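Observations on the three-dimensional arrangement
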Amino acid sequence: MRANAAATRLVRSVLVDHSRAQGDLFSQVSQVLTDPDRVLPDGRRLLDLAPNKQELSKYQAHVEACCKGWTDTVARNGAADVLTLLACRGSTFNWRWWLANGWPQVVRTFIQRIDDPALWQNAREMDNRRRIGDPPDGLTSTDLSRLLLTGPDHLSAAAATYCLRAGLSALLPQDCGLPPVQRHLLPPDYLRLVEQPAFDPRLIILS
């Protein structure tokens with residue numbers, strides 16, 4: 001969760017910088033995401049995270065393939081259209097990520113259930129809340145809400161682990177007052193313009 005938020009922050013910085021400069025946007029995205037010396041929220045470099053250089057190379061090849069595909073689509077359709085389609089795809093499939101359209105509602109619902117576990121209306125989740133106790137690091141639920149909204153990469157490892165164990169990732173759209181995810185929001189031909197290359201499980205470097 002922290003690494004995803006940090007990567008989101010990094011890509012957004014590239015988008016902002018690119019609006020004032022020239023060059024291939026997605027090549028720049030690829031360069032920053034695959035940089036072996038990129039520092040992750042836990043202090044490790046990307047190079048340290050990879051099990052070995054071969055696995056790092058697979059990750060870099062996957063990122064480069066995605067970015068090349070988007071660059072090719074930009075050449076045919078223009079950057080504005082591609083970024084709009086990527087945003088639509090992200091809002092559909094990544095609604096619970098930091099800065100996604102559903103994130104504030106997710107955080108609000110999660111904090112309400114930290115303060116009042118009965119809102120889960122689920123005996124297992126209520127028991128889980130009692131078992132794991134209050135947030136670590138002396139954080140109040142208000143503190144936790146502020147940090148989650150600012151960016152999960154600002155959480156300590158203990159606080160991030162607590163959030164996940166306390167059910168942050170278990171929330172469904174309807175729990176947060178959101179409509180169900182519309183997976184066919186866009187016609188397939190539109191999504192094909194920005195879909196990632198065919199999935200290759202050998203590219204995974206972490207479980």
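Here the residue numbers are simple positions, counted from 1 along each chain's written sequence. Given that the model is predicted, a residue must reach a pLDDT of at least 70 before its local features are reported, and side-chain atom pairs must reach 80 or more before they are shown or counted; all residues, however, enter totals for whole chains, interfaces and linings. Side-chain numbers here rest on the full set of heavy atoms in the structure, without hydrogens or water.

1. Overview of the packing of helix H1 (residues 2–18) against helix H2 (residues 25–34)
What counts as an axis is a line fitted to C-alpha atoms, over the stretch in contact for a helix, and the angles between N-to-C directions run from 0 to 180 degrees. A run of DSSP states H or I qualifies as a helix once it reaches four residues; a run of E qualifies as a strand once it reaches two. Both are numbered from the N-terminal end. Viewed as axis vectors pointing N to C, H1 and H2 meet at an angle of 145°, and their least axial separation amounts to 10 Å. Two packed elements cross with a definite hand, and for H1 against H2 that hand is right-handed. Residues Ala 7, Leu 10, Val 11, Val 14, Leu 15 and His 18 of H1 pack against Leu 25, Gln 28, Val 29, Val 32 and Leu 33 of H2. Any residue that is not Ala, Val, Leu, Ile, Met, Phe, Trp, Tyr, Cys, Pro, Asp, Glu, Lys or Arg is counted as polar, Gly included; the first ten are nonpolar and the last four charged. By residue class, the composition of the contact of H1 with H2 is 9 nonpolar, 2 polar and no charged. Crossings are assigned a handedness: left-handed for a near helix turned anticlockwise from the far helix by less than a right angle, right-handed for a clockwise turn. In this analysis, two residues are considered to be in contact whenever any of their non-hydrogen atoms come within 4.5 Å of each other.

2. Overview of the environment of Asp 153
For Asp 153, the position within the fold is in the loop between helix H8 (141–150) and helix H9 (157–165). Type-normalised accessible area, obtained with a 1.4 Å probe on protein chains alone, sets the label of each residue: buried when under 20%, exposed when over 50%, and partly exposed for intermediate values. Residue Asp 153 is classed as buried on the basis of its relative accessible area of 15%. For the pair Asp 153 and Thr 8, spaced 145 residues apart in sequence, the C-alpha to C-alpha distance is 10.0 Å. Within the structure, Asp 153 has its side chain in polar contact with the side chain of Arg 9 (distance 2.8 Å). In protein, a polar contact means a hydrogen-donor-capable atom and an acceptor-capable atom, both N or O and within 3.5 Å, with residues adjacent in sequence counting only if both atoms are side-chain atoms; elsewhere, any N or O pair within 3.5 Å suffices.

3. Things to note about helix H6 (residues 103–115)
Helix span, as expected, comes to 1.5 Å for every residue beyond the first. If you check H6, its first and last C-alpha atoms are 18 Å apart, about what 13 residues at 1.5 Å a residue would give, namely 18 Å. Within the sequence span of H6, burial applies to Trp 103, Gln 105, Val 106, Val 107, Thr 109, Phe 110, Ile 111, Arg 113 and Ile 114. Those residues of H6 that are buried are in contact with helix H7 (123–132), H8 and H9.

4. Details of unusual backbone geometry
Most peptide bonds take the trans form, and the phi angle of most residues other than glycine is negative. For Leu 99, which is not glycine, the phi torsion reads 75° and is therefore positive. Relative to the helices and strands, Leu 99 is located in the loop between helix H5 (79–93) and H6. Judged by relative accessible area, which is 43%, Leu 99 ranks as partly exposed. Positioned with a positive phi, Gln 121 is a non-glycine residue whose angle comes to about 50°. Within the secondary structure, Gln 121 sits in the loop between H6 and H7.

5. A look at the pattern of salt bridges
By definition here, a salt bridge exists when the distance from a side-chain nitrogen of Lys or Arg to a carboxyl oxygen of Asp or Glu is within 4 Å. The final tally for this structure, using the stated rule, is 10 salt bridges. Note that Asp 72 and Lys 68 form a salt bridge whose closest N and O atoms lie 3.0 Å from each other. Taken together, the residues Asp 72 and Lys 68, both in helix H4 (residues 53–77) and 4 residues apart, mark about one turn of the helix. Between Asp 134 and Arg 129 there is a salt bridge whose closest N-O contact spans 3.1 Å. By relative accessible area, Asp 134 is classed as exposed at 58%. One network of salt bridges, in which partners are shared, links Asp 37, Arg 45 and Asp 48.

6. Concerning the packing of H2 against H4
Between H2 and H4, the least distance of the axes is 8 Å, while the angle of their chain directions is 170°. Overall, the two elements H2 and H4 adopt an arrangement that is roughly antiparallel. Crossing of H2 over H4 shows right-handed handedness. For the pair H2 and H4, the contacting residues are Phe 26, Ser 27, Val 29, Ser 30, Leu 33 and Thr 34 in the first and Tyr 59, Gln 60, Val 63, Glu 64, Cys 67, Trp 70, Thr 71 and Val 74 in the second. Grouping the amino acids of the contact of H2 with H4 by side-chain chemistry returns 8 nonpolar, 5 polar and 1 charged. Note on angle classes: values under 35 degrees are labelled roughly parallel, values over 145 roughly antiparallel, values of 65 to 115 roughly perpendicular, and the remainder oblique.

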